[in-house]
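# Inside the fold
So you can see what is in the structure, the chains are spelled out below.
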Amino acid sequence: MYEQISHALLNEILDELKPEIRRQNLRHFYTRLGANFYAIHSLFHHLYGNRDDFKPQMVKLVEVMASRYIERNSELEQRDIERQKNHNWFLSQELVGMAVYADGFAGNLEGVCQHTAYFQELGINMVHIMPMMVCPEGRSDGGYAVSDFRNIDPRIGSLEDLATLTADLRRRDILLALDVVVNHTSNEHPWAQRAQQGDTTYQEYFYTFPNRDIPDMFEESMPEVFPHTAPQNFTWDETMQRWVMTVFNNYQWDLNYSNPSVFIEMIDIILFWANQGADIVRLDAVAFLWKKIGTSCQNEHEAHLILQLMKDCCQVPAPGLLFIAEAIVAPTEIIRYFGEDAIIAKECEIAYNATFMALLWDSVATHNAKLLNQGIRSLPNKLDRATWLNYIRCHDDIGFGFDDRDISACGYNPYEHRQFLINYFSGAHQNSIARGQPFGFNPKTGDARISGSLASLIGLERALELNDEKMIDIAITRILLMHGMILSFGGIPLLYYGDEIGTLNDCTYLEDERKANDNRWMHRPRIDWEKAARRQQPGTVEQRIFFALKKMIAIRKTIPAFADFNNRELISVDNPHLFVFLRTHPLQSDASVLVVANFDAKPQHLNMNNLGQRRVFKYGTARDLHSGAAPAIFKDELVISPYRFYWLADGRPEIRF
Ligand code: GLC
């Protein structure tokens, strides 16, 4: 949009840029800056316009953007231009991701580099490497307490190792996603250290207070994220002689985004990693970016404005870069991280679908899809050019953050139902075969989340203990059912490393005193490559899971209806054990796929006449794309075996492996 005040300011800023920047050939940069400047100016003004240093801060922001653009290499710039032309590229069904800890997966970055063929073997073409920037030993929160935003932890590798890895990934057409921990730093970060030494410039990078007056007011409405290990939201810093806001662990200092210097530093850091070759940046804990007294300090409107501004700024030097929002919040809040009041995504293009993940786990515990259907039905439609990251497990705990109204609509009492889930997954419930543990137990509310690996939570650990073949079979079938859902729902499926070979809980973290009080470490495994090698031995658990997944991934990639163009219709059926949805092809009406999943231990049936017009295949021609076979249909009743799913389409050639 052309707007005179912004335009006049832009001209002034361009005149004030450092001569070394002005001398550069910045054609693409200027075109994009012109296109985005109205939005950048309006947002920056809205957030920081009342400050005397508003204009110099704007100049600084543009300088940072220009400097990082100048550093961007021609290969990355070429990729930016290609992605601009094909701007829906990331909605394709061909993308399948995996999240890995570099050290857990293969010791370090060099090790990851030696195992890139493993990703390809499975069909993974997007790898999210968990945070690996420098962190203090011990007080690292699994990489999320960063003390140097521009260097890699030497135990994991170096920037050179990352360059070698990105080159290898690019050769294999695998995208790279990296973390940027935007909400906080470690208390050992130089900004925090300078603040401790009394430097007020850096004290303003954080929320620090001389006494309890303001912290006490904040505490009245702020929940606790880690009530068990890090209760309260402020920590007294002895050296600084001030209270500092620490929403997560007491060694993680929250950054103060009402200070424009913090915003500009973070843009600089995000672009730094974009220039190291990240295709996608995962922005950690974005719901927490804005703090306001009297609120929960989560999901504030300004947090969204900060993200929009980050997007607008990063698009100028690196338009091919995508953002993932890590906002594990209520279902109606998560969706706002694509962009408030927008038509196409204007904050983060990708967001963790924590709602779907938790609902899937509910179906595991209850053996029915009541809450799953209800929760998905209540999920508002997402924007265009926005996509979900669909996952079953990740490095964090599972929270049962469903909407209470949805739980009640299914006839459950919300408190009791959550207690049931906690008991079920921690193995306390009499019918449970799960082997998880409660995480973040809050004695004030009785609430808790759950830690544990997919295989252990779903019953494989118990089945192996009992050496019960039938139970092992069931556990594997359920692992595949869960993956069948994230591979077909719409969005990018993100597998979690180790799940592809049925990795169980790893309790060795208890021997390390720095980890022992955080049971999320039980599901952050160190891959045992001898176990992984068993994926080649027919009949082993590893082989059965790995090969079934590999096949499902390959098939997903051939199904255009699985691309994410908001082309999913949830179908209400009268059988509570079933989850049924239709994926339509945006252009070809006869290429729809009907997904039918049975979460129950007994076979279930579905009357195909109930699907009405949505019947996607002519009588007798249905083919299950997943198995390649015709499904069992008896007198119009589709029969779905226990814990099985179908991807049904009009008869098509079988895909062979
Ligand atoms: C994110 C991370 C989690 C971490 C938290 C604080 O939620 O996923 O692992 O503990 O941020 O940094």
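Quick summary incoming for the structure in this document. (Residues numbered from 1 in each chain as written. Predicted model: local features only at pLDDT ≥ 70, side-chain atom pairs only at ≥ 80, totals over all residues. Heavy atoms only, no water.)

## Concerning the pairing of strand 19 (residues 578–583)
Summarising burial for strand 19: 6 of the 6 residues are buried, a large majority. Of the two faces of strand 19, the one carrying Leu-578, Val-580 and Leu-582 and the one carrying Phe-579, Phe-581 and Arg-583 are both buried. Both strand 19 and strand 20 (residues 593–598) contribute to a ladder of 6 bridges, which runs antiparallel. Considered in strand 20, the bridge of Leu-578 is made with Asn-598. (Buried < 20%, exposed > 50% of the residue type's maximum accessible area, 1.4 Å probe, protein only. Helix = DSSP H or I, 4+ residues; strand = E, 2+ residues; numbered from the N terminus. Pairing = 2+ DSSP bridges.)

## Focus on the pairing of strand 5 (residues 175–180)
By the criterion of burial, strand 5 is predominantly enclosed, with 6 of the 6 residues buried. Both faces of strand 5 are covered, namely the face carrying Leu-175, Ala-177 and Asp-179 and the face carrying Leu-176, Leu-178 and Val-180. Looking at chain direction, strand 2 (residues 126–129) and strand 5 are connected through 4 bridges and run parallel. Within strand 5, the position partnered with Ile-129 by the bridge is Leu-178. Taken together, the 4 bridges between strand 5 and strand 11 (residues 280–283) define a ladder with parallel strand orientation. Paired with Asp-179 across the strands is Arg-282, a residue of strand 11.

## Quick word on the nonpolar core
Core analysis: the biggest nonpolar cluster contains 220 residues, and Phe-263, Met-310 and Phe-579 have the highest contact counts within it. Two domains each provide a minimum of three residues to this core, namely domain 1 (184–254) and domain 2 (567–650). In contact with Phe-263, not counting residues within four places along its chain, are Phe-44, Tyr-48, Leu-61, Tyr-257, Ile-306, Leu-309, Met-310 and Cys-313. With 16 residues, the next largest nonpolar core counts Leu-578, Met-608, Phe-617 and Ala-622 among its residues. (Core = buried A, V, L, I, M, F, W, Y, C linked by side-chain atoms within 4.5 Å. Domains from an automatic or database assignment. Contact = heavy atoms within 4.5 Å.)

## Quick look at helix 3 (residues 27–48)
By the largest-angle criterion, Asn-36 marks the main kink of helix 3, which is about 55°. Inspection of helix 3 places Phe-29, Arg-32, Leu-33, Asn-36, Phe-37, Ile-40, His-41, Leu-43, Phe-44, Leu-47 and Tyr-48 among the buried residues, and these make up the whole buried set. Looking at the buried side of helix 3, the elements it contacts are helix 1 (4–16), helix 4 (54–71), helix 5 (74–85), helix 13 (260–275) and helix 14 (301–315). (Bend = angle between axes of the 7 residues up to and from the residue.)

## Remarks on the packing of helix 22 (residues 469–488) against helix 24 (residues 541–557)
When two helices pack together, their arrangement is given by the angle between their axes and by how far apart the axes lie. Contact geometry of helix 22 with helix 24 gives a least axis separation of 10 Å together with a crossing angle of 25°. Considering their axes alone, helix 22 and helix 24 lie roughly parallel with respect to each other. In the crossing of helix 22 with helix 24, the sense of the turn from one axis to the other is right-handed. Only Val-541, Arg-544, Ile-545, Ala-548, Leu-549, Met-552, Ile-553 and Arg-556 of helix 24 make contact with helix 22, whose side of the interface consists of Glu-469, Ile-472, Asp-473, Ile-476, Ile-479, Leu-480, His-483, Gly-484 and Leu-487. (Axes fitted to C-alpha atoms, helices over the stretch in contact; angles between N-to-C directions. Parallel < 35°, antiparallel > 145°, perpendicular 65-115°, else oblique. Left-handed = near helix turned anticlockwise from the far one by under 90°.)

## Some details on the site of the ligand
With respect to spatial proximity, 13 residues lie near the ligand, and among them Asp-141, His-184, Asp-284, His-395 and Asp-396 are the closest. Between the ligand and Asp-284, the relevant distance is 3.0 Å, taken from an oxygen atom to a side-chain nitrogen or oxygen of the residue. In this structure, His-395 approaches the ligand through a side-chain N or O atom, which is 2.8 Å from an oxygen atom. Protein burial of the ligand: of its 310 Å² of free accessible surface, 95% is covered by the chains. With respect to the pocket detection grid, the ligand is positioned in the largest pocket. (Near = heavy atom within 4 Å. Polar contact = N/O pair within 3.5 Å; in protein donor to acceptor, adjacent residues only side chain to side chain. Areas by Shrake-Rupley, 256 points an atom, 1.4 Å probe, with all protein chains shown as cover. 1 Å grid on protein atoms, 1.4 Å probe; cavity = no way out; pocket = protein on both sides within 12 Å on 5 of 7 lines; lining within 4 Å. Sits in = over half its atoms within 2 Å of the grid points.)

## Looking at the sheet that holds strand 1 (residues 97–100)
Two pairing modes exist for strands in a sheet, parallel and antiparallel, and in both the strands are linked by backbone hydrogen bonds. Within the closed barrel, the 8 strands sit side by side as 1-2-5-11-12-13-14-17. Their pairing is parallel. Strand after strand, the sheet turns through a mean of 25° between neighbouring axes, direction not considered.

## Some words on the pattern of salt bridges
By the definition in use, this model includes 42 salt bridges. For Arg-51, the salt bridge is made with Asp-53, and the minimal N-O distance between the two is 2.9 Å. Overall, Asp-53 belongs to the partly exposed group, its relative accessible area being 23%. The network of salt bridges with shared partners includes Glu-137, Asp-153, Arg-155, Asp-512 and Arg-514. (Salt bridge = Lys/Arg side-chain N within 4 Å of Asp/Glu carboxyl O.)

## Examining the sheet that holds strand 20
Taken in spatial order, the 5 strands of this open sheet run 18-19-20-25-22, and their pairing is antiparallel. Strands with a single pairing partner mark the edges of an open sheet, and in this sheet they are strand 18 (568–570) and strand 22 (622–624). Looking at each pair of strands side by side, their axes are set apart by 25° on average, direction ignored. Pairing between strand 20 and strand 25 (residues 645–650): 4 bridges, direction antiparallel. Directly across from Val-595, in strand 25, lies its bridge partner Trp-647.

Read these as layout, nothing more, since geometry by itself doesn't imply function.
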